[in-house]
Amino acid sequence: QVQLVESGGGLVQAGGSLRLSCAASARPFSSSVMGWFRQAPGKEREFVGAISWGGGSSYYRDSVKGRFTISRDNAKNTVYLQMNSLKPEDTAVYYCAARTRLSGWLPSGSHEYDFWGQGTQVTVSS
């Protein structure tokens, strides 16, 4: 069982920035995918973006392209979500997730991930 722990959430004004971190309890497999999701109250959990652990390729939902960047530090078993130009509609609980033993694509469905962090609240004021 892989444990994931998110940190870095908080309250920011619109236009501000935050960097979220997700630390894994064990070194991910080179074939693993690390994803970020978010969920606002009463709404479905939605895909934010993902990165392949081995190759570092990434993919994002349209609404965050150009504003959010996912990166990873292999030595620290940690993935980051850098969020710039934040908007009130970005307000949500943000979760990191991991999918192991997957190659060739970056899944965007929550059901496609095996392990989840506890979530960290991001609130963007207008």
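I will try to describe carefully the structure that is included in this document. Note that the structure is a prediction, hence the values are computed from the model and not measured. (Residues numbered from 1 in each chain as written. Predicted model: local features only at pLDDT ≥ 70, side-chain atom pairs only at ≥ 80, totals over all residues. Heavy atoms only, no water.)

1. Details of the state of the cysteines
Here the structure, examined in full by the defined rule, presents one disulfide. There is a disulfide in this structure between Cys22 and Cys96, and the S-S distance comes to 2.0 Å. Between Cys22 and Cys96 the disulfide shows an S-S torsion of about 60 degrees. By sign, it is right-handed. In this pair, Cys22 sits in strand β3 (residues 18-24) while Cys96 sits in strand β9 (residues 92-99), placing the two residues 74 residues apart along the sequence. (Disulfide = S-S within 2.5 Å. Helix = DSSP H or I, 4+ residues; strand = E, 2+ residues; numbered from the N terminus.)

2. Here we look at the packing of aromatic side chains
The full count for this structure, using the stated rule, is six aromatic pairs. Ring geometry for Phe37 and Trp116: centres 5.0 Å apart, planes at 55 degrees, overall tilted. One end of the pair, Phe37, is in strand β4 (residues 33-39); the other, Trp116, is in strand β10 (residues 115-116), and 79 residues separate them in sequence. Each member of the aromatic cluster is reached from another via a ring pair, and the members are Phe37, Phe47, Tyr59, Tyr95, Tyr113 and Trp116. Taking NZ or CZ as reference, Arg45 lies 3.9 Å from the ring centre of Tyr95, over its face. Sitting over the ring of Trp116, Arg45 keeps its end group 4.7 Å from the ring centre. (Phe/Tyr/Trp six-rings, centres within 6.5 Å; stacked < 30°, edge-to-face > 60°. Lys NZ or Arg CZ within 6 Å of the ring centre and 35° of its normal.)

3. A few points about the pattern of salt bridges
Counted under the stated rule, the structure contains six salt bridges. Ionic pairing is found between Arg38 and Asp90, a salt bridge with its closest N-O pair at 2.9 Å. Of this pair, Arg38 sits in strand β4 while Asp90 sits in the loop between β8 (78-83) and β9, placing them 52 residues apart in sequence. The exposure class assigned to Asp90 is buried, which follows from its relative accessible area of 0%. Across the salt bridge formed by Asp90 and Arg67, the nearest N and O atoms sit 2.8 Å from each other. Placement of the pair is Asp90 in the loop between β8 and β9 and Arg67 in the loop between β6 (58-60) and β7 (68-73), with a sequence separation of 23 residues. A residue is classified by how much of its surface remains accessible, and Arg67, at 10% relative accessible area, is buried. Each of the salt bridges in this network shares a partner with another, and the network as a whole consists of Arg38, Glu46, Arg61, Arg67 and Asp90. (Salt bridge = Lys/Arg side-chain N within 4 Å of Asp/Glu carboxyl O. Buried < 20%, exposed > 50% of the residue type's maximum accessible area, 1.4 Å probe, protein only.)

4. What to know about the sheet that holds β3
The sheet built from four strands is open, its strands ordered β1-β3-β8-β7 with antiparallel pairing. Across the chains shown, the open sheet's two edge strands, defined by having one partner strand only, are β1 (4-7) and β7. Taken pair by pair, the neighbouring strands of this sheet meet at an average axis angle of 15 degrees, ignoring direction. Sheet topology note: the β7/β8 ladder contains six bridges and is antiparallel. Pairing of Ser71 across the sheet is with Tyr80, part of β8. (Pairing = 2+ DSSP bridges. Axes fitted to C-alpha atoms, helices over the stretch in contact; angles between N-to-C directions.)

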